[in-house]
Amino acid sequence: MRTAHFLAPDDFDGWRHAARALAIERVPPGEVVWQIEGAPADLFAGEAQAHEVPAGANLTVPRGFIDLAQNAILHRDPERFGLLYALLLRLQDNSKLLEDRADPQVRRAEELAKAVRRDIHKMRAFLRFREVAEGEETRFVAWFEPEHHIVRANARFFVNRFAALAWSILTPALSLHWDGALREGPGAERGDAPQDDPVEALWASYYASIFNPARVKIGAMLKEMPKKYWKNMPETALVPQLIAGAQAREARMIEAARAQPGDNLQAAWEALRDEGKGCTRCPLYKPATQMVFGEGPVDAPLMFVGEQPGDQEDLAGRPFVGPAGQLFDRALGEAGVDRARAYVTNAVKHFKFEPRGKRRIHAKADTGEIDACRWWIEQERLLLRPKVTVMLGATAARSLLGRAVTIGRERGRAFELAEGGTGWITVHPSFLLRIEEQSRAEEEYARFVADLRAAAALAG
């Protein structure tokens, strides 16, 4: 037996180094014991081995396996290390293995990765900070109980989003602390976190405004926000009374809906939009004219997410009104999609540009700016719950999926989003405007129209 050892349950680099050395030697999965440092040793395991990779040895895997393993390794299933190692070995003989979704090991690994992605989303969506005084300074402290080993993997998200604040995230296994540098501490208990915060009334009011039992049934809501997360969120104290009164309110709302359909949801969307006007989450708000929020019906089954506003959008305060927007409208029409019945927004809400004389030249948003703005797109999707979300370009896909995306590889296929609904990726219409060769431009435009038509068909 060989013992593969690494530092922590979420130590992907340690697992990868050990797995690579073992796979090069073709050690069978059944002869490897995966040992986390500090865990009780297996009495039947052999002496621990150093995982040195022979000079000149080569091992190749598709990029999709790295993405899959990085997520699946964070799951609590103790069999995950052996499962991924078995897949790694099999990929050496069959590079197309991951395309076989019926394969039991591939299917199990994808189930683990999906559960982890959902847990990552839950932490980002349901974690709430409470203000704590530290002498003359202020710290924001939050408590969360993750289901899987996602805390370190989520650290960069919170650093980017709240870089200007001093904060701590307490969890049972470990704690994160940020005050300009990220530190890790031991696990904590629920009682170590503050219990009350003056802003909780604001959260509760907002939550009550979006709780529409005529549109969001109790079972669906509880599935989206399981009870295990309620203790982390002040607004969930309202849930029992909301559920208790839901039947009566639903009857009243059915009557009111005939005269004023969607008023509650529309009011919540307007409150979110108005809050966005004061956004200072990243430096882009300083030179921009205004925040450009999404627009469209709040019950739209189809949501289009672009990359960021351009010069004309920044001045008009509306998404997709410039040259790319005009091409987008034409393609929607040819695809049989009525823009007035779709919701259109951007991943980044402020215009990023470089001044050149009197002109403002579009500049690509960086990862920090995308992450800082993700809260808004998440809230838009939470309110609308679109059946299909179409990501137009790499920035939009990076925002919604939380990872870099190669459009050519992932374009034109439906996939399930971690927070619900179907995802669909295609190019941004500005890409089409940059193609100089007419024949290629026409070909790519036809592909774009086909992508829009297929996404619309998914949305029904």
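Residues numbered from 1 in each chain as written. Predicted model: local features only at pLDDT ≥ 70, side-chain atom pairs only at ≥ 80, totals over all residues. Heavy atoms only, no water.

Peer 1: I'd like a rundown of the nonpolar core, residues and numbers included.
Peer 2: Nonpolar side chains in soluble globular proteins generally cluster together in the buried interior. Phe-304, Phe-328 and Phe-448 are the most contacted members of the largest nonpolar core, which totals 54 residues. For this core, the element with the most residues is helix H17 (residues 438-459), which contributes eight residues. Core analysis: the second largest hydrophobic core is formed by 53 residues, Ile-66, Ile-73, Leu-88 and Phe-162 among them. (Core = buried A, V, L, I, M, F, W, Y, C linked by side-chain atoms within 4.5 Å. Buried < 20%, exposed > 50% of the residue type's maximum accessible area, 1.4 Å probe, protein only. Helix = DSSP H or I, 4+ residues; strand = E, 2+ residues; numbered from the N terminus.)

Peer 1: How would you sum up the confidence of the model for the chain? Please name residues and give values.
Peer 2: Scored by pLDDT, the chain has a mean of 82; 80% of the residues are at 70 or more. Summarising per-element confidence for the chain, the mean pLDDT is lowest in helix H9 (residues 246-259) (43) and highest in strand E8 (residues 302-306) (98). Considering only residues more than four positions removed or in separate chains, one finds that residues 40-56, a stretch of pLDDT under 50, has 28 contacts. Note that pLDDT drops below 50 for residues 249-261; the model gives that stretch 12 contacts with residues more than four away or on any other chain. (pLDDT = per-residue confidence, 0-100. Contact = heavy atoms within 4.5 Å.)

Peer 1: How would you sum up the sheet that holds strand E4 (residues 137-143)? Please name residues and give values.
Peer 2: Strand order in the open sheet made by the five strands is E3-E4-E5-E6-E7, with mixed pairing throughout. Only two strands of the sheet have a single partner each, and these edge strands are strand E3 (130-134) and strand E7 (182-186). Neighbour to neighbour, the strand axes of the sheet diverge by 25° on average, direction disregarded. Relative to strand E6 (residues 174-178), strand E5 (residues 167-170) is paired through four bridges, and the arrangement is antiparallel. Residue pairing for E6: Ser-168 is matched across the bridge by His-177. Sheet strands in contact with helix H5 (residues 151-161) are E5, E6 and E7, and its direction is about 20° off that of E6. (Pairing = 2+ DSSP bridges. Axes fitted to C-alpha atoms, helices over the stretch in contact; angles between N-to-C directions.)

Peer 1: Residues and numbers for the environment of Phe-415, please.
Peer 2: Locating Phe-415 in the fold gives a position in strand E13 (residues 415-416). With relative accessibility at 15%, the residue Phe-415 sits in the buried group. Along the primary structure Phe-415 and Val-388 are separated by 27 residues, whereas in three dimensions their C-alpha atoms are 9.7 Å apart.

Peer 1: For the packing of aromatic side chains, give the residues involved together with the corresponding values.
Peer 2: Tallying each qualifying case throughout the model produces 15 aromatic pairs. Taking 5.3 Å as the distance between ring centres and 75° as the angle between the ring planes, the aromatic pair formed by Phe-129 and Phe-162 counts as edge-to-face. Linking Phe-129 in the loop between helix H4 (104-126) and E3 with Phe-162 in the loop between H5 and E5, this pair joins segments that are 33 residues apart in sequence. Of the residues examined, Phe-129 reaches a relative accessible area of 18% and is grouped as buried. Lying across the ring of Phe-293, Lys-349 places its NZ or CZ 5.4 Å from the centre. (Phe/Tyr/Trp six-rings, centres within 6.5 Å; stacked < 30°, edge-to-face > 60°. Lys NZ or Arg CZ within 6 Å of the ring centre and 35° of its normal.)

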